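# Tertiary structure, described
Spelled out, the chains give:
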Amino acid sequence: MSSIGIRLRAPGARLRPRGLVWLVARQHRAALWAGLAVVVAIAAYIVWQRLEMVGYGRAHNIDAYRTPLLNTGRLLIALPVVIGVFIGAPLFARELETGTHQLAWTQSVGRTRWLIAKLAVPLVAVTAGTAVLAALYTWWWRAARGSFQDIAWGTAVPFDATGPAAVALAPLSFLLGAAAGLLLRRTLPAMAVTLGATAGVQYGLDALRPHLMTPRTIASKLSAEVPPEVYFGAWRGMGNGYLTRAGEKISWERCSSAGSSDAWDRCFARLGANRWYEELHPASHYWPMQWMQTGICLAAAVVPAVLCVWWIGRRRA
């Protein structure tokens, strides 16, 4: 009875819901304390770097903080992968692999209640920890973004490390890992599948992000200049080229072979282009796109959660 490090009730005895939650927390207390230590360490580092950067930036250029800022963002992007692989995947796979789940199923709590408790405790922990780190990193990024205009806000760093979008990736990765562990019943294969699935989710979100909202089109005469204020804080690179009088878009590459200004003018005249255009996401798109990606992740997280509940109801002892 002591094989999992705590005393369980005799078979057939009734275990109350609170006792079940305590049981799960007790089982995973080492991982919970280790996770808390990681969150505190990263949080302290972010606070220290942010305060140092603001103080240093009052009298100096803050370029020295570019590398710590970006590397910390990359670390936060990697956290959902770590959560899914090392917390989600072994959660059920290890018990099914060793057979200790059978002992828990004799405690008159029901398989579904057991599963929900097993999911709820680490899910709350990883979501809360990620929320703290995402809030602090957003606080740091907002103080630095004006000095790093060359870092587009829509790229993986900082987008996937800031705001609610960063938080929503944690439960999705965790639940993907848990579902993989239930289905495969082997820890290492479940970890490998979770790694690939989480990496694929992040890649897909990066590819989808530019299309979450319609980019704003900036158009101007070929000889005119657009005020730099238009580009301040904008995520550029969605598309550019020339516009004809009828509004047709022409790729800039159509005239890229022109070697002189006269050749450019002839190319423009032949194509009927009289304006150039650029598509971009202004800074005002940041928060709507954050919430859109958050909604996508949370909706996707429902799928492995429902799969876990469905599977446990069909699983034979």
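Here's a quick rundown of the structure. (Residues numbered from 1 in each chain as written. Predicted model: local features only at pLDDT ≥ 70, side-chain atom pairs only at ≥ 80, totals over all residues. Heavy atoms only, no water.)

Along the chain, valine 157 connects to proline 158 via a cis peptide bond; the corresponding omega equals 25°. Secondary-structure assignment places proline 158 in helix H6 (residues 156–159). Its identity is not glycine, yet arginine 185 carries a phi of approximately 60°, on the positive side. Here arginine 185 is to be found in the loop between helix H7 (163–184) and helix H8 (187–208). On the basis of relative accessible area, arginine 185 is assigned to the partly exposed category, the value being 31%. (Helix = DSSP H or I, 4+ residues; strand = E, 2+ residues; numbered from the N terminus. Buried < 20%, exposed > 50% of the residue type's maximum accessible area, 1.4 Å probe, protein only.)

Turning our attention to the nonpolar core. Ranked by size, the top nonpolar core spans 28 residues in total, and within it Phe92, Leu115, Leu119, Leu182 and Cys308 carry the most contacts. If you list the elements that add at least two residues to this core, you get helix H1 (17–27), helix H3 (66–98), helix H5 (111–144), H7 and helix H10 (286–314). Top contributing element to this core by residue count: H7, with 9 residues. Leaving out residues up to four positions away in the same chain, leucine 115 has contacts with Phe92, Leu182, Cys308, Val309 and Ile312. Grouped together as the second largest cluster of nonpolar side chains are 22 residues, Ile42, Tyr65, Leu136 and Tyr137 included. (Core = buried A, V, L, I, M, F, W, Y, C linked by side-chain atoms within 4.5 Å. Contact = heavy atoms within 4.5 Å.)

Looking now at the sheet that holds strand S1 (residues 216–221). Strand order in the open sheet made by the 4 strands is S1-S4-S2-S3, with antiparallel pairing throughout. At either end of the open sheet lies a strand with only one pairing partner, and these are S1 and strand S3 (249–251). For this sheet, the mean angle separating the axes of adjacent strands, direction not counted, is 40°. Alignment of strand S2 (residues 235–244) against strand S4 (residues 273–281), held across 7 bridges, turns out to be antiparallel. (Pairing = 2+ DSSP bridges. Axes fitted to C-alpha atoms, helices over the stretch in contact; angles between N-to-C directions.)

It is worth spelling out the packing of H5 against H10 at this point. For the pair H5 and H10, interaxial distance at closest approach is 12 Å and the crossing angle is 165°. On the basis of their axis angle, the class for H5 and H10 is roughly antiparallel. Judged by the sense of rotation from one axis to the other, the crossing of H5 with H10 is right-handed. Here Arg111, Thr112, Trp114, Leu115, Leu119 and Arg142 of H5 come into contact with H10, specifically with Trp287, Cys308, Val309 and Ile312. Residue composition of the contact of H5 with H10, by class: 7 nonpolar, 1 polar and 2 charged. (Parallel < 35°, antiparallel > 145°, perpendicular 65-115°, else oblique. Left-handed = near helix turned anticlockwise from the far one by under 90°. Nonpolar A, V, L, I, M, F, W, Y, C, P; charged D, E, K, R; others polar.)

The next point concerns the side chain of threonine 130. Tracing the sequence through the fold places threonine 130 in helix H5. Ignoring sequence-local partners within four residues, the contact set of threonine 130 consists of Ile83, Ala166, Val167 and Ala170.

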